[in-house]
Amino acid sequence: MAPLTEDLPLIDGHCHTITTAPLDDAAFALWCTEADEPSAAGTSYLDSRLGLALRRWCAPVLDLPAHAPVEEYLRRRRRLGPDEVAGRMLRAAGLSALLVDTGPVAGGLVDRSVLGTLAQAPAHAVVRLELLAEQVAPGTGADGFADAFAAALDEAVAGAVATKSIAAYRHGLDLDPARPRAHEVSAAAGRWLRDGGRLSDPVLLRHMLWSAVDAGLPIQLHTGFGDRDVALARADPALLQPFCEATLPFGVPLVLLHCYPYHRQAGWLASVYPHVYADVGLGVTQLGARATAVLGEFLELAPFGKVLYSSDAYGLPELYLIAAAQLRHSLDLVLAETVADGAASPADARRVAEQVGAGNAARVYGLS
Amino acid sequence: MAPLTEDLPLIDGHCHTITTAPLDDAAFALWCTEADEPSAAGTSYLDSRLGLALRRWCAPVLDLPAHAPVEEYLRRRRRLGPDEVAGRMLRAAGLSALLVDTGPVAGGLVDRSVLGTLAQAPAHAVVRLELLAEQVAPGTGADGFADAFAAALDEAVAGAVATKSIAAYRHGLDLDPARPRAHEVSAAAGRWLRDGGRLSDPVLLRHMLWSAVDAGLPIQLHTGFGDRDVALARADPALLQPFCEATLPFGVPLVLLHCYPYHRQAGWLASVYPHVYADVGLGVTQLGARATAVLGEFLELAPFGKVLYSSDAYGLPELYLIAAAQLRHSLDLVLAETVADGAASPADARRVAEQVGAGNAARVYGLS
Amino acid sequence: MAPLTEDLPLIDGHCHTITTAPLDDAAFALWCTEADEPSAAGTSYLDSRLGLALRRWCAPVLDLPAHAPVEEYLRRRRRLGPDEVAGRMLRAAGLSALLVDTGPVAGGLVDRSVLGTLAQAPAHAVVRLELLAEQVAPGTGADGFADAFAAALDEAVAGAVATKSIAAYRHGLDLDPARPRAHEVSAAAGRWLRDGGRLSDPVLLRHMLWSAVDAGLPIQLHTGFGDRDVALARADPALLQPFCEATLPFGVPLVLLHCYPYHRQAGWLASVYPHVYADVGLGVTQLGARATAVLGEFLELAPFGKVLYSSDAYGLPELYLIAAAQLRHSLDLVLAETVADGAASPADARRVAEQVGAGNAARVYGLS
């Protein structure tokens, strides 16, 4: 029987751009993990759920049999060259649109428009709040920062479909939910401009968030796991509940990204706050075949109109395909089980798939 | 093969009463969710696991095919009228007994005895501690509150089978476990009587809990998810561990309700504290077919004599049936998998089902 | 088809020794649970997932049919006698090696070498840090404690393959990650020597951990559930992240034991910190057939080279067999599902099984 997700339109609601630089094997492996150190002796980042998914979904796209050894895959990849690989992977992902977080810009990453061309789909911009602040800050003073940031945000959102906060990385989600007052923002900006370093002051992070509420675009928030720069226990989306409460009257959508391993908490928030959404994010990409189990857990409390797809793909074109192929496959398994259980009709199941795959994102982000 | 849960006796260990007021479609949908705001544009609270369960389990009881569209279901429901629907649903639930939390009393809710008549089963009372305190407080003074509450509780428990605390809603479960001293209670009562508002002072909440320990009936405690009035991160039952420790010598059963998404933590508490129990509660009702996965997780560490069934049904007669039908179905799937795996005999599996369905509740609450 | 785990070599990476004292039925049941109080009226610790696993895996070893009633099992056990039962169980476990935490020494526990003889496998020593400190402390003074502990640890690790911390029990994992300074250690030792009691001072617990880092052997850390002496919410391995960060430059392996119900958090730590490992531990033993679900969750983010097997078996020889048999069976189910899903080849699946069963432990602990 054809899967319920055959030809399912997919909008990748949160990704970055790719590198087309040649990569040696160690560099390739590091792009496949959230770790940033060489792997422990006797282990490999590609001997993992993600590595299995790479060999399953990507090897055939390079004309190799599924499950070809990693070494063979990497050899074949080098022979084809980065541009050919990028084109094949992104076309195979079959995306209808991509939302691209354009920062941070590391060396060798292609422009958002190049990514869109490769994927043969519109690549919309997502404004990264903290990066924008870090770009704006130099040259402003304590008293000028807020206005300069507001002007820059105004300009940035004009060409974007969402904003994004990484407050989870810079402080944790246990933030005071209140909008900081102007004099607090000036004082915090003054301290930051004097001391330097990246933006991690909680007053300024809150100011970014409330500025994003004012801007009115959906706000994507990193929650849950990521690289080791995130304090996991402080990235539990349940800690955002006071901010969800405070922003409820404004109606601006809050899209909780990743969420794992706190995705059930995110599902609850999405079930009781009309403006809160849960995005499966990085989990689908990193968990390989276990995405099936985790997708099942995402689809518990959250109404079906509240769950979104994204890949958080970054650097490797393979990651866009792995996430897309795995999402279609795992969502099919979750929904086919629901149908087999007698809990939904096939038509209902297909409708849920279409919402999660693209319908919810199109509506929330205002894509045509 | 007949399911392991065929004709399984069920005691609904925690529910509320129903409304028989006519409901428009929007009101019906709000009774089906823990949210209290209109759903986001483009989404519906009935396009959810609960909505699918409604169409599966309730549509046939109204002479419609399973999975009939929601609109058709609501039309048919209106045609039959609230009394006919209530009777059909509650009879179809096939309950042996119900434990009814009689507060808060919203407009249009029927009396506990009416619910019992509709369900053709005894409807026992559960005393809601905070509500009782709020009813008693007016007219008492700081020094008189404790005695007045004690007298009211004495009277209330005489006709009840359990008490219930919603300290999770009013403060969070991170309470000092110690019994407050008399002068602390007086001082806290004085502040509350002066300032008004609902009861949320942690000293008074602790006083309610310790009064319930003295009263000797099993104490039901809200834990885990609920409506957005609960701070989810502070409703983790693991935060109750100091209170479990403090009350161990008294032997009064503590029944942790709902627990999700912290039900594994609840299962551990039930496994190491003889007087602690885990009740599947609202999860079975809200999660529809995903109750199977969650029930499996409930039945991990907790001994089988420690897991109880309830629906937390409230308002809609459909919710009593959805919970009961889903529990029987999901418990059958969990146990049939155990048998198919070779991990239990069918006789053992049936015995576990009987304990979870009604045997444990009958023993813990002293029902004949 | 033969399971993927047929004849799978297993190293039990963390266990204790057994008692061969005759046990009455109540004592036997208490060895099967993390509880330390008599079970609640109407319940039994053996009417549980562990009890089902006992009847499944151990009854045939005593020449009874699988699922024989507990009473029959206990009768047969008494007839055979403790030595015969111990020998049969430990041989049936089919272990290649055991790592034995030799403390605390309760009455009637056999020596580590006896355990090894019964299991027909090498039984390596694991040094329990807090116990060593408690043995060393008497007779040292505030200023002499650190040197005396260092000398004792030097001697102990010479004959051992790992150290072990139960800081989770004595304080919680929310410890300051910094290495305490000498004068802080002296002061804390002075307070402890004066006040007596078991070692629970966080400065001393940190001193133990950093001494273990200096010693260079892999450090096993209790995380997650255990008996009720552990504060569950403070045993979340995510709380260890600052210590993982602080110890990263040293490369000493940190093996997170048990982890449940926070095993996904542990898997993330193992995925981003090269020196961090996740050990399935007590979960496999206590969860019976549900170990399958939990193993699946362990094998999500953590690379396959980072997941280890252990039983935490203690007291009853049955527990070594239950854990070993259940691990082989559940790992087979998890991996067979992966293969059936098309996500891995059978050869890859077998390789993962060999790593989790013994390969990772052999490498991390330096066993030949």
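Scoring rules and cut-offs
Numbers given to residues run from 1 along each chain, matching the order in which its sequence is written. Lettering of chains starts at A and numbering of ligands starts at 1, both following the order in which they are written. Local features in a predicted model are, by the rule used here, given only for residues with pLDDT of at least 70; side-chain atom pairs are given and counted only at 80 or more, and totals for whole chains, interfaces and linings are based on all residues. Side-chain metrics rest on all non-hydrogen atoms present in the structure, leaving aside hydrogens and water. Each helix is a run of H or I in the DSSP string that is no shorter than four residues. Each strand is a run of E no shorter than two, and both are numbered from the N terminus. Only protein chains enter the accessibility calculation, which uses a 1.4 Å probe; a residue is then buried when its area is under 20% of its type maximum, exposed when over 50%, and partly exposed in between. Accessible areas in this description were obtained via Shrake-Rupley with a 1.4 Å probe; residue shielding takes into account the shown protein chains only. Counted charges follow a simple rule, with Lys and Arg positive, Asp and Glu negative, and His plus the chain ends left uncounted. Here the site of a charge means NZ on Lys, CZ on Arg, CG on Asp, or CD on Glu. Whether two residues are in contact is decided by their heavy atoms, any of which lying within 4.5 Å being enough. Two parts lose some accessible area (1.4 Å probe) when they are put together, and adding that loss for both gives the buried area. Salt-bridge detection follows one rule: a side-chain nitrogen of Lys or Arg within 4 Å of a carboxyl oxygen of Asp or Glu. When the copies are superposed, the least-squares fit draws on C-alpha atoms of residues that have pLDDT of at least 70 in both. Any N or O atom pair separated by 3.5 Å or less is treated as a polar contact, with the protein-specific requirement of one donor-capable and one acceptor-capable atom, and with residues adjacent in sequence counted only for side-chain atom pairs. At least two bridges found by DSSP between two strands are what make those strands a pair. Space inside and on the surface of the protein is sampled on a 1 Å grid over the protein atoms alone, with a cavity defined as a set of points where a 1.4 Å probe fits but cannot get out and a pocket as an open set with protein on both sides within 12 Å along at least 5 of 7 lines; lining residues have an atom within 4 Å of a point. Grid points are joined across faces, edges and corners, and a volume is the space filled by probe spheres set on the points. Residues are grouped as follows: Ala, Val, Leu, Ile, Met, Phe, Trp, Tyr, Cys and Pro are nonpolar; Asp, Glu, Lys and Arg are charged; all remaining types, including Gly, are polar. Axes here refer to lines fitted to C-alpha atoms; in helices the fit is confined to the stretch in contact. Angles between the N-to-C directions go from 0 to 180 degrees. The span one expects for a helix is its residue count, reduced by one, times 1.5 Å. In this scheme the crossing of two helices becomes right-handed for a clockwise turn of the near helix relative to the far one and left-handed for an anticlockwise turn of less than a right angle. Ring geometry is summarised as follows: Phe, Tyr and Trp rings, the Trp one being its six-membered ring, pair when their centres sit within 6.5 Å, and such pairs are stacked at plane angles under 30 degrees, edge-to-face over 60 and tilted between the two. In this scheme, roughly parallel covers angles under 35 degrees and roughly antiparallel covers those over 145, while 65 to 115 is roughly perpendicular and the rest are oblique.

- You'll find chain A entered in an unreviewed UniProt entry as Amidohydrolase, with Catellatospora methionotrophica given as the organism.

What to know about the overall build of chain A
Consideration 1: A tally of regular secondary structure across chain A gives 16 helices and eight strands.
Consideration 2: When the backbone C-alpha atoms are referred to their principal axes, chain A occupies close to 60 × 50 × 40 Å.
Consideration 3: Counting across all 368 residues of chain A, residues that qualify as buried make up 65%.
Consideration 4: Surface accessibility of chain A: about 11,900 Å² in total, with carbon and sulfur atoms responsible for 54%.
Consideration 5: Taking the average location of the 29 positive side-chain charges in chain A and that of its 42 negative ones, the two points are 2 Å from each other.

A few points about the interface of chain B and chain C
Consideration 1: Counting residues at the interface gives 33 residues for chain B, matched by 38 residues for chain C.
Consideration 2: Of the roughly 2,900 Å² buried at the junction of chain B and chain C (both faces included), carbon and sulfur atoms supply 54%.
Consideration 3: Of all residues in chain B, the largest losses of buried area upon contact with chain C belong to Arg264(B), Trp268(B) and Glu300(B), amounting jointly to 20% of the total for that side.
Consideration 4: Here chain B is connected to chain C by six salt bridges.

What about the relation of the copies chain B and chain C?
Consideration 1: The operation relating chain B to chain C is a screw motion whose rotation component is 120°, with 0.0 Å of axial translation and a residual RMSD of 0.0 Å. Taken together, these values place the two copies in the relation of a three-fold axis. For chain B, the smallest separation between a C-alpha atom and the rotation axis is recorded for Ala293(B), amounting to 5.6 Å.

Some details on the interface of chain C and chain A
Consideration 1: Contact residues are listed per partner, giving 33 residues for chain C and 38 residues for chain A.
Consideration 2: Overall, the association of chain C and chain A removes approximately 3,000 Å² of surface from exposure, summing both partners, and the carbon and sulfur fraction of that is 54%.
Consideration 3: Of all residues in chain C, Arg264(C), Trp268(C) and Glu300(C) give up the largest surface area on contact with chain A, accounting jointly for 20% of the area buried on that side.
Consideration 4: Between chain C and chain A we count six salt bridges in total.
Consideration 5: Two residues, Arg56(A) and Asp341(C), come together in a salt bridge whose shortest N-O distance is 3.3 Å.
Consideration 6: The tally of links from chain C across to chain A stands at 20 residue pairs in polar contact (both at pLDDT 80 or more).
Consideration 7: At the level of elements, helix H11 (241-247), helix H12 (263-272), helix H14 (291-298), helix H15 (317-340) and helix H16 (346-364) of chain C are the ones that each hand at least two residues to the side of chain C that touches chain A.

Examining the pairing of strand S1 (residues 10-15) of chain C
All names here are of chain C.
Consideration 1: Within S1, six of the six residues are buried, which leaves it mostly tucked inside the rest of the structure.
Consideration 2: As paired strands, S1 and strand S2 (residues 95-101) are joined by four bridges and run parallel to one another. Its bridge partner lying in S2, Cys15 is registered against Val100.

What about the environment of Leu175(B)?
Residues and elements named next belong to chain B.
Consideration 1: Its place among the elements puts Leu175 in the loop between helix H8 (167-170) and helix H9 (182-195).
Consideration 2: Residue class for Leu175 comes out buried when judged on its relative accessible area of 12%.
Consideration 3: Here Leu175 is in contact with Ala167, Pro202, Arg206 and Leu209, once residues within four sequence places are set aside.

What to know about the layout of surface pockets
Consideration 1: When its volume is computed, the largest pocket comes out at roughly 1,400 Å³.
Consideration 2: For the lining of the largest pocket, the elements supplying multiple residues, two or more each, are helix H14 (291-298) and helix H15 (317-340) of chain A, helix H14 (291-298) and helix H15 (317-340) of chain B together with H14 and H15 of chain C.
Consideration 3: Each residue belonging to the lining of the largest pocket can be placed in one class, and the counts come to 14 nonpolar, nine polar and 17 charged.

Regarding empty space enclosed by the protein
Consideration 1: Evaluation of the coordinates by the stated rule reveals 14 cavities of 30 Å³ or more.
Consideration 2: Taken as a whole, the largest cavity encloses approximately 120 Å³ of empty space.
Consideration 3: If you go around the largest cavity, you meet 16 residues; those closest to its centre are Ser271(A), Leu301(A), Cys32(B), Thr33(B) and Gln286(B).
Consideration 4: For the lining of the largest cavity, the secondary structure elements donating two or more residues are helix H12 (263-272) of chain A together with helix H2 (49-58) of chain B.
Consideration 5: With three residues, H12(A) is the largest single contributor of residues to the lining of the largest cavity.

Looking at the pairing of S2(C)
All names here are of chain C.
Consideration 1: For S2, the buried fraction is high: six of the seven residues fall into the buried class.
Consideration 2: As paired elements, S2 and strand S3 (residues 123-128) share four bridges and run parallel to each other. Residue pairing in the sheet places Asp101 in a bridge with Val126 of S3.

Quick look at the sheet that holds strand S5 (residues 219-223) of chain A
Residue and element names in this part refer to chain A.
Consideration 1: Strands sit in the order S1-S2-S3-S4-S5-S6-S7-S8 across an open sheet of eight strands; the sheet is parallel. At either end of the open sheet lies a strand with only one pairing partner, and these are strand S1 (10-15) and strand S8 (307-308).
Consideration 2: Along the sheet, H12 makes contact with strand S6 (254-258) and strand S7 (276-279), crossing S7 at roughly 150°.

Regarding helix H4 (residues 82-93) of chain A
Residues and elements named next belong to chain A.
Consideration 1: When the terminal C-alpha atoms of H4 are compared, their 16 Å separation across 12 residues agrees well with the 16 Å that a helix rising 1.5 Å per residue should span.
Consideration 2: The set of residues buried in H4 consists of Val85, Ala86, Gly87, Arg88, Met89, Leu90 and Ala93.
Consideration 3: Looking at the buried residues of H4, the elements they touch are helix H2 (49-58), helix H3 (70-80), strand S2 (95-101), helix H5 (112-119) and H15.

Here's the deal with the packing of H14(A) against H15(A)
How two helices pack is summed up by the angle between their axes together with the distance between the axes.
Residues and elements named next belong to chain A.
Consideration 1: Across the interface, H14 lies against H15 with an axial gap of 9 Å and an inter-helix angle of 60°. Taken as a pair, H14 and H15 cross one another with a handedness that is right-handed. Between H14, through Ala291, Thr292, Leu295 and Gly296, and H15, the contact on the second element is made entirely by Gln326, Leu327, Ser330, Leu331, Leu333 and Val334.
Consideration 2: Counted by class, the contact of H14 with H15 contains six nonpolar, four polar and no charged residues.

Describing the packing of aromatic side chains
All names here are of chain C.
Consideration 1: Scanning the model with the defined rule gives 21 aromatic pairs over all chains in all.
Consideration 2: Here Trp210 and Phe250 contribute two aromatic rings whose centre-to-centre distance is 5.6 Å and whose plane-to-plane angle is 75°, an arrangement assigned as edge-to-face. Linking Trp210 in helix H10 (residues 202-215) with Phe250 in the loop between H11 and strand S6 (254-258), this pair joins segments that are 40 residues apart in sequence.
Consideration 3: Trp210 sits in the buried class, given a relative accessible area of 5%.
Consideration 4: A relative accessible area of 45% means that Phe250 is categorised as partly exposed.
Consideration 5: The interplanar angle of 75° and the centroid separation of 5.5 Å between the aromatic rings of Phe225 and Tyr260 together place this pair among those described as edge-to-face.

Description of the side chain of Gln355(A)
Consideration 1: Residue position: Gln355(A) is located in helix H16 (residues 346-365).
Consideration 2: You can call Gln355(A) buried: its relative accessible area is 11%.
Consideration 3: Reaching out from Gln355(A), the side chain makes a polar contact with the side chain of Asp47(B) at a distance of 2.9 Å.
Consideration 4: Apart from the residues within four sequence positions on either side, Gln355(A) is in contact with Phe304(A), Gly305(A), Val307(A), Asn360(A) and Asp47(B).

Some remarks on the sheet that holds strand S7 (residues 276-279) of chain C
Consideration 1: Reading across the sheet, the eight strands line up as S1-S2-S3-S4-S5-S6-S7-S8 (chain C) and stay open at both edges, with parallel pairing between neighbours. Sheet topology places S1 and strand S8 (307-308) of chain C at the edges, where each strand pairs with a single neighbour.

A few points about the packing of helix H3 (residues 70-80) of chain B against helix H4 (residues 82-93) of chain B
Residues and elements named next belong to chain B.
Consideration 1: The interhelical angle for the contact between H3 and H4, taken along N-to-C directions, is 110°, at an axis separation of 6 Å. Viewed along their axes, H3 and H4 adopt a mutual orientation that is roughly perpendicular. Contact residues: H3 offers Tyr73, Arg76, Arg77 and Leu80, while H4 offers Glu84, Val85, Arg88 and Met89.
Consideration 2: Along the lines of polarity and charge, the residues of the contact of H3 with H4 split into four nonpolar, no polar and four charged.

Some details on the pattern of salt bridges
Consideration 1: The final tally for this structure, using the stated rule, is 79 salt bridges over all chains.
Consideration 2: Here Asp47(A) and Arg351(C) are joined by a salt bridge, their closest N and O atoms 3.2 Å apart. One end of the pair, Asp47(A), is in the loop between helix H1 (25-31) and H2; the other, Arg351(C), is in helix H16, on a second chain.
Consideration 3: Residue Glu297(B) pairs with Arg264(A) through a salt bridge whose shortest N-O separation is 2.8 Å. Of this pair, Glu297(B) sits in helix H14 while Arg264(A) is found in helix H12, placing the two residues in two different chains.
Consideration 4: With relative accessibility at 5%, the residue Glu297(B) sits in the buried group.

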